[in-house]
Amino acid sequence: SPNYPEEYGNDEFCNMSFVTNETAVLQFQHFDTESDYDNLDFSGASASGSFQDLELQGHRLDSNVIWSSDSIGRATGWRVCARAPTNNAWSVWGTCLVAPDDSACIMSPNYPE
């Protein structure tokens, strides 16, 4: 999310794609958003709230990953990685970033500042 690990802003949006026909492992290294209002949506699921070091095995990323925040309330944001046997790179549109140290990870701008 934008500005991770600092608080992300209000009314933010980004669209990310991790294209693969294989199942991927999603690694939520850090996740802290305003519960029920600021969401990371992927493959029919939605994540909000707070957790750390969660790993989802065998997940198929069959659609884009969408980040959006509402007009009030903020938190520190997130860093998420995806691993698949033959594709470990993201395409990103909007305010989110591909991690400079690992093209399989997406995160907030300015991380880790």
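The coordinates are above.
Worth saying up front: this structure is predicted, and the values here are computed from it rather than measured. (Residues numbered from 1 in each chain as written. Predicted model: local features only at pLDDT ≥ 70, side-chain atom pairs only at ≥ 80, totals over all residues. Heavy atoms only, no water.)

Caption draft 1: The arrangement of the nonpolar core in detail. Ranked by size, the top nonpolar core spans 21 residues in total, and within it Met16, Phe28, Leu40, Trp67, Trp78 and Trp90 carry the most contacts. Listing elements by their share of this core, those giving two or more residues are β1 (13-17), β2 (24-32), β3 (39-42), β6 (65-68) and β7 (77-83). Considering each element in turn, this core owes the most residues, 4 residues, to β2. (Core = buried A, V, L, I, M, F, W, Y, C linked by side-chain atoms within 4.5 Å. Buried < 20%, exposed > 50% of the residue type's maximum accessible area, 1.4 Å probe, protein only. Helix = DSSP H or I, 4+ residues; strand = E, 2+ residues; numbered from the N terminus.)

Caption draft 2: Up close: the environment of valine 98. Note that valine 98 resides in strand β9 (residues 97-98). For valine 98, a relative accessible area of 31% corresponds to the partly exposed category. It is 8.6 Å that separates the C-alpha atoms of valine 98 and serine 108, two residues lying 10 residues apart in sequence. Sequence-distant contacts of valine 98, that is, excluding residues within four places in its chain, are made with Trp90, Val92, Ser103, Cys105, Ile106 and Met107. (Contact = heavy atoms within 4.5 Å.)

Caption draft 3: Molecular detail of the state of the cysteines. In this structure the tally under the stated criterion is 2 disulfides. Sulfur-sulfur distance for the disulfide between cysteine 14 and cysteine 96 comes to 1.9 Å. Here the S-S torsion is close to -50°, and the disulfide linking cysteine 14 with cysteine 96 is therefore left-handed. Of this pair, cysteine 14 sits in strand β1 while cysteine 96 sits in the loop between β8 (91-94) and β9, placing them 82 residues apart in sequence. (Disulfide = S-S within 2.5 Å.)

Caption draft 4: Layout of the environment of threonine 33. As for its position among the elements, threonine 33 is in the loop between β2 and β3. On the basis of relative accessible area, threonine 33 is assigned to the buried category, the value being 4%. In this structure the C-alpha to C-alpha distance between threonine 33 and alanine 47, which are 14 residues apart in sequence, comes to 8.7 Å. Ignoring sequence-local partners within four residues, the contact set of threonine 33 consists of Tyr8, Asp38, Ser48, Gly49, Trp67, Ala75 and Trp78. Looking at threonine 33, its side chain comes within polar contact range of the main-chain oxygen of aspartate 38, at 3.0 Å. (Polar contact = N/O pair within 3.5 Å; in protein donor to acceptor, adjacent residues only side chain to side chain.)

Caption draft 5: View of the pattern of salt bridges. What the rule picks out here adds up to 3 salt bridges. Among the ionic pairs, aspartate 102 bridges to arginine 83, the shortest N-O distance being 2.7 Å. Taken together, the residues aspartate 102 in the loop between β9 and β10 (105-107) and arginine 83 in strand β7 connect sequence positions 19 residues apart. Judged by its relative accessible area of 30%, arginine 83 is partly exposed. (Salt bridge = Lys/Arg side-chain N within 4 Å of Asp/Glu carboxyl O.)

Caption draft 6: Broad picture of the sheet that holds β6. The antiparallel open sheet is built from 5 strands, whose spatial order is β4-β3-β6-β1-β8. Pairing within the sheet leaves two strands with one partner each, and these edge strands are β4 (45-47) and β8. When the angles between neighbouring strand axes are averaged without regard to direction, this sheet yields 15°. Of the strand pairs in this sheet, β3 and β6 are connected by 3 bridges, and their pairing is antiparallel. (Pairing = 2+ DSSP bridges. Axes fitted to C-alpha atoms, helices over the stretch in contact; angles between N-to-C directions.)

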